[in-house]
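# Residue-level structural notes
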Amino acid sequence: MSVAIENFVKAIYNNENQDITNTKPGNIASKLGISNAAATDMAKKLDAKGLLNYEKYKALRLTEDGEKMALNVIRKHRLWEAFLHKTFDMSLHEIHREAELLEHETSDFLAEKISEYLGNPKFDPHGDPIPNAKGEITTEDTSIPLSQAKENTEYVISRLMSTDKEFFEFCALNGIKYGNTLTVKKQFQSSKMTQIKIYTNTIVLNEDFTQIIYVNEIN
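Definitions and cut-offs
Residues numbered from 1 in each chain as written. Predicted model: local features only at pLDDT ≥ 70, side-chain atom pairs only at ≥ 80, totals over all residues. Heavy atoms only, no water. UniProt positions renumbered as here; feature names shortened; annotations may be inferred. Buried < 20%, exposed > 50% of the residue type's maximum accessible area, 1.4 Å probe, protein only. Helix = DSSP H or I, 4+ residues; strand = E, 2+ residues; numbered from the N terminus. Pairing = 2+ DSSP bridges. Polar contact = N/O pair within 3.5 Å; in protein donor to acceptor, adjacent residues only side chain to side chain. Contact = heavy atoms within 4.5 Å. Core = buried A, V, L, I, M, F, W, Y, C linked by side-chain atoms within 4.5 Å.

The protein has the name Transcriptional regulator MntR in an unreviewed UniProt entry, where Winogradskyella wandonensis is given as its organism. Database annotation for the protein, UniProt heading Sequence similarities (unreviewed entry): "Belongs to the DtxR/MntR family." If you open the UniProt record of the protein and go to Function (unreviewed entry), you find "In the presence of manganese, represses expression of mntH and mntS. Up-regulates expression of mntP."

### Observations concerning the pairing of strand β8 (residues 213–217)
Sheet faces and side chains relate simply in a regular strand, where the side chains alternate between the two faces. With four of five residues buried, β8 lies mostly within the body of the structure. Examined bridge by bridge, strand β3 (residues 144–145) and β8 share two bridges and lie antiparallel to one another. The partner of I144 across the bridge, within β8, is V215. Pairing geometry for strand β4 (residues 153–160) and β8, over five bridges, is antiparallel. Each bridged residue has a counterpart across the sheet, and for I157 the counterpart in β8 is V215.

### Brief notes about the side chain of T194
Here T194 is to be found in strand β6 (residues 193–198). Within the structure, T194 has its side chain in polar contact with the side chain of Q187 (distance 2.6 Å). Once residues lying within four places of it in the same chain are set aside, the contact partners of T194 are L146, S147, V184, K186, Q187, I203, V204, L205 and T210.

### Notes on the nonpolar core
As a rule of thumb, nonpolar side chains are buried together in soluble globular proteins. Counting 30 residues, the largest nonpolar core has L146, I157, L160, I176, L182, I213 and V215 as the members making the most contacts within it. Per element, the largest residue contribution to this core is five residues, and it comes from helix α4 (residues 64–88). Other than its neighbours up to four places away in sequence, I157 contacts I176, K177, Y178, G179, N180, L182, I198, I213, Y214 and V215. Counting 20 residues, the second largest nonpolar core, distinct from the first, contains A11, A29, L51 and I74.

### Some points on the environment of I5
Looking at the secondary structure, you find I5 in helix α1 (residues 3–17). As a C-alpha pair, I5 and Y178 span 173 residues in sequence and 31 Å in three-dimensional space. In this structure I5 touches M42, K45, L46, K49, L51 and M69, once residues within four positions along its chain are discounted.

This is the structure we're talking about:
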């Protein structure tokens, strides 16, 4: 399958499972940086191939084969992120950028070798789950966005759901990293801001950040 097809089904899967926006062709076009007409044409083409269901004016839905393809690409992407982060200590933005290229050039055989080398990780450095070789996500996501966290409660950072370079730079400067712990000090409901303490630093984050930083409460 072509890179364009793999990116298209991956975008639909990610919109269904991560993003607020729906999977209508216009939203997929915006995500991929293509025209609405090109997205509609691709959707019709993939409907004919049995990879998704297309109906005019409705959200796109992947078929079982389409979801399997998307998860296969996502597995390779996240394995490369884990490998690059561990091997070269590259930033979260850098590993995403490079994995976007490498995912399309990776055989299932090589993906399995990378997984074995890394000890078959369940999550990538952003906290995103890595599908297994069968295209299954075997971990249960119980995390919540930081905006919903309780005051005076300790949490572990479980996921950073972004691809934005400046967001990752901010996180790196402030110790906001997958697996690190923080304490929610105050939720400012009217201004939609959250005060947290991480290490010895106390910082205030706006909703743009607290909606994409996911955490699990420490029991």
